[in-house]
Amino acid sequence: MPSAARRAAVALLFALLWALGGAVARAAPGAHAAAAAPAGRAKAVPVSPLRVVAVNAFRPISFADENGAAVGVVEDYFELVRRALDLPLRDVRVMSANDAEQALRDGEADIVIGIVQSEERTQNGVFTAPVYSTGAAIVTRHGAPAAPSFSDLKGKTLALREHHFAIPMLRQHWPQVALLESGVDSRSVLKAVASRRADAALVSIDASRVWLAQPEFASLVVSGFPADIQYEFAFQLQPGLAELVPRFNEAIAQITTEQRSTILERWLANSLRVKASRQGIPLATAMFGAVALSAILILAFALARMRRAHRAERERGFTGGR
């Protein structure tokens, strides 16, 4: 378990991320950001054309555009990896997380992108290292008692997505919190709070920043940033493709900070452009905010990777390196 000081520091970082993101959401870019440069070319992987399923999570991380195509931060990362490994594609479909897992179980998909690893999902396929990380936010109604942590929700109802990866942990450590699985997306979860079917909602920081800027959720506010939960998006492969995981991880590790920054700036700009056109915010203000927020997101990802490495090193110490 991380120390209280470390958890507080991580929570403070996520709070800063959300606050700056909210300010940027009210600002706004207009110029088209440059596309990311391709990752370094690695030796081609000899596989049949792959059937890819992209999870329709939330903008700008992984979602379907107006034409139904899979786009977003995670999709850009996958394209870098695919080009580095010279992976052939058969098709790319967009589904909910639940439908994507079903397709993997039924053998109708080879790779799922934009998925968060959980113990339940590891039964369906093998995971690569995370490609993008973001923290969690507890959302409540305006005027409700503050709930900065799950301990503050004892005796109350917390809405979250169906089959959310945090459900086992929440039931084990906070059994006094009633869980309401509400839909397959963040909007459905937040609606449960807005309609008073739940006292609070658990969503990612990114989702809270996007949805709480919408008029339909004007009655909601972020109440806390629990450091216990981290949304770590990765690629999930069919068990039969497990031998490709080290190659994927190598390609992921080769994605440079500059490439990550370019991708994040691009999608932050795309996500905020519509808001800018509606609200008439100066371009320079928005672009500064997008760049600053992308830097914070990269820092958060780096801190998460350092925590995973520290945890793995500590576990090796407990087992004597076996």
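Definitions and cut-offs
Residues numbered from 1 in each chain as written. Predicted model: local features only at pLDDT ≥ 70, side-chain atom pairs only at ≥ 80, totals over all residues. Heavy atoms only, no water. Core = buried A, V, L, I, M, F, W, Y, C linked by side-chain atoms within 4.5 Å. Buried < 20%, exposed > 50% of the residue type's maximum accessible area, 1.4 Å probe, protein only. Helix = DSSP H or I, 4+ residues; strand = E, 2+ residues; numbered from the N terminus. Contact = heavy atoms within 4.5 Å. Axes fitted to C-alpha atoms, helices over the stretch in contact; angles between N-to-C directions. Left-handed = near helix turned anticlockwise from the far one by under 90°. Phe/Tyr/Trp six-rings, centres within 6.5 Å; stacked < 30°, edge-to-face > 60°. Lys NZ or Arg CZ within 6 Å of the ring centre and 35° of its normal. pLDDT = per-residue confidence, 0-100.

1. Side note on the nonpolar core
If you look at the biggest cluster of nonpolar residues, it comprises 81 residues, and the most contacted ones within it are Tyr77, Ile111, Phe150, Leu202, Phe233, Phe235 and Phe248. A per-element tally of this core places helix α2 (residues 73–85) first, with eight residues. Excluding anything up to four places from it in sequence, Tyr77 contacts Val131, Tyr132, Phe235, Ile255, Arg260, Ile263 and Leu264.

2. What about the side chain of Ser223?
Among the structural elements, Ser223 can be located in strand β11 (residues 220–224). The class for Ser223 is buried, based on a relative accessible area of 18%. Apart from residues lying up to four places away in sequence, Ser223 is in contact with Ile138, Val139, Thr140, Pro145, Ala146, Ala147 and Pro148.

3. Overview of the environment of His163
Mapped onto the fold, His163 is located in the loop between β8 (157–160) and α4 (167–173). Taking the C-alpha atoms as reference, His163 lies 9.6 Å from Ser118; in sequence the two are 45 residues apart. Beyond its immediate chain neighbours, meaning those up to four positions away, His163 contacts Asn98, Glu120, Arg121 and Glu181.

4. A look at the side chain of Thr140
Along the chain, Thr140 turns up in strand β7 (residues 132–141). Thr140 sits in the buried class, given a relative accessible area of 3%. Sequence-distant contacts of Thr140, that is, excluding residues within four places in its chain, are made with Ala147, Val193, Asp199, Ala200, Ser219, Leu220, Val221 and Ser223.

5. Digging into the packing of α2 against helix α7 (residues 245–253)
Helix-helix packing: each pair is described by the crossing angle between the helix axes and the interaxial distance. With their axes 9 Å apart at the nearest point, α2 and α7 run at an angle of 115° to one another. In this structure, α2 meets α7 at a crossing whose hand is right-handed. Of the residues in α7, those touching α2 at Phe78, Val81, Ala84 and Leu85 are Arg247, Phe248, Ala251 and Ile252.

6. Thoughts on the packing of aromatic side chains
Tallying each qualifying case throughout the model produces seven aromatic pairs. On the basis of an interplanar angle of 90° and a centroid distance of 6.2 Å, the ring pair of Trp211 and Phe217 is categorised as edge-to-face. By relative accessible area, which is 23% here, Trp211 ends up partly exposed. Seen in terms of ring centroids, Phe235 and Phe248 are 6.1 Å apart; in terms of plane orientation they differ by 70°. Their pairing is edge-to-face. Taken as a pair, Phe235 in strand β12 (residues 230–237) and Phe248 in helix α7 lie far apart in primary sequence, 13 residues in all. Under the relative-accessibility criterion, Phe235 is labelled buried at 0%. Taking the relative accessible area as the measure of exposure, Phe248 reaches 1% and is therefore buried. Within the aromatic cluster, the residues linked to one another by ring pairs are Phe78, Phe235 and Phe248. Positioned over the ring face of Tyr77 is Arg260, at 4.9 Å from the centre of the ring.

7. Observations regarding the confidence of the model for the protein
Of the residues in the protein, 69% have a pLDDT of 70 or more, and the chain-wide mean is 80. A low-confidence stretch, residues 22–39 (pLDDT under 50), is modelled with 49 contacts involving residues beyond four sequence positions or located in other chains. Overall, residues 274–291 carries pLDDT values under 50, and its contacts beyond four positions in sequence, including any with other chains, amount to 29 contacts.

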